[in-house]
Amino acid sequence: MPWKSIKPRTRISGHPLSQKGIRWVKSRLDHCFKHHACSNGLNKLLPARILSFKRSHEGEISIKLVEKPNESGRYAVLSHCWGSQLSFTTMTNNLSDMMQGIPWTELPRTFQDAIRYCLELGIFYLWIDALCILQDDKNDWQIESAKMADIYQNSYISLAATSSDSTTTGCFPKHAPPTNLSIRNNPLLSRGWVFQERVLAPRILHFCNQELVWECGEQTCFECGTLTKDGDRLPALSGLAERMAPFLGKYLTGLWDKSLLRDLTW
Ligand SMILES: [Zn+2]
């Protein structure tokens, strides 16, 4: 079903980090926990490698990569487009440095924005593929990538930098004057996210160009107030689909060729 344009209303917060924006997200979370059967993402075993961060009383954010935390808790995942150049990744030769601490200024803007958003939601762990998988270690990449479905499924929330085409542009939208809102042309989205979105993240918060969009197992909700029916759910996170292709086969507009029969009958 094609996406309809949505007329903007004054209910839009203007910025995801505004008090109004945060309140809206918290109200969606609250509603999801109280009224939906969506997985709660609480007390899940943390992924084997994950970013851990905290903010001091002075407002300074300290970040480090932790391995095998072997503890349960809640964590977010980041869905993002890598862009043509992603120079800031975890490799075998910088892993120990990343575990000592990651200087805030070295992080690409999209990662900084995602961490700031987590802190606003009281989340202190974030999984980002570029940092939590050793990008130059084929063995590590195969082991960790194969866990991606579980990692997404067990997450508390997935933050989707839906309107960003690279890690340097940040999660949050450019503030173009709202005229006629549409989410069709966002870089991270592609058509046909039918099966995977229900298998993976229980809740997705999309940072779109002019508003936030909430998507969970039972509801898709626009910050402007529009609630869509189940059949109108957001389409695919194509970057994730591409990265899972080695394990699940070619991505066929919402289905994987290796499980095509099962997906069609789901
Ligand atoms: Zn829900």
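For the structure, see preceding data.
The structure displayed is predicted, hence computed values, not measured ones.

Draft legend 1. Here's a closer look at the pattern of salt bridges. Under the criterion given, the structure shown has 7 salt bridges. Close ionic contact of Arg-55 with Glu-120 constitutes a salt bridge, the shortest N to O distance being 3.6 Å. One end of the pair, Arg-55, is in strand S2 (residues 49–55); the other, Glu-120, is in helix H3 (residues 109–120), and 65 residues separate them in sequence. Exposure remark for Glu-120: the relative accessible area of 31% places this residue in the partly exposed category. Residue Asp-113 is joined to Arg-109 by a salt bridge in which the shortest nitrogen-to-oxygen separation is 3.4 Å. Of the two residues, Asp-113 and Arg-109 both sit in helix H3, 4 residues apart, roughly one turn of that helix. Classification of Arg-109 as partly exposed rests on a relative accessible area of 42%. Connected through shared salt-bridge partners, Arg-49, Glu-67 and Asp-140 make up one network.

Draft legend 2. The arrangement of the side chain of Thr-90 in detail. With respect to the helices and strands, Thr-90 occurs in the loop between strand S5 (76–79) and helix H2 (95–100). Of the residues examined, Thr-90 reaches a relative accessible area of 0% and is grouped as buried. A polar atom in the side chain of Thr-90 sits 2.6 Å from the backbone oxygen of Leu-131. Discounting chain neighbours no more than four positions away, the residues touching Thr-90 are Leu-65, Leu-95, Met-98, Ala-130, Leu-131, Ile-133, Leu-134 and Gln-135.

Draft legend 3. The coordination of the zinc ion, seen in detail. Here the zinc ion is held by the protein donor atoms Cys-32 (SG), His-36 (ND1), Cys-38 (SG) and Cys-216 (SG), which lie 2.2 to 2.4 Å from it. Each of the 4 donor atoms bound to the zinc ion contributes to angles spanning 90 to 122°, and the resulting shape is tetrahedral. Along the chain, the residues donating to the zinc ion are arranged with the sequence spacing C-x3-H-x1-C-x177-C. Each member of the pair Cys-32 and Cys-38 is classed as buried.

Here is what the cut-offs are and how they apply
- Residues numbered from 1 in each chain as written.
- Predicted model: local features only at pLDDT ≥ 70, side-chain atom pairs only at ≥ 80, totals over all residues.
- Heavy atoms only, no water.
- Salt bridge = Lys/Arg side-chain N within 4 Å of Asp/Glu carboxyl O.
- Helix = DSSP H or I, 4+ residues; strand = E, 2+ residues; numbered from the N terminus.
- Buried < 20%, exposed > 50% of the residue type's maximum accessible area, 1.4 Å probe, protein only.
- Polar contact = N/O pair within 3.5 Å; in protein donor to acceptor, adjacent residues only side chain to side chain.
- Contact = heavy atoms within 4.5 Å.
- Donors = N, O, S within 2.8 Å, 3.2 Å for Na, K, Ca; no water.
- Tetrahedral: all angles 85-135°; square planar, octahedral: opposite > 155°, others 65-115°.

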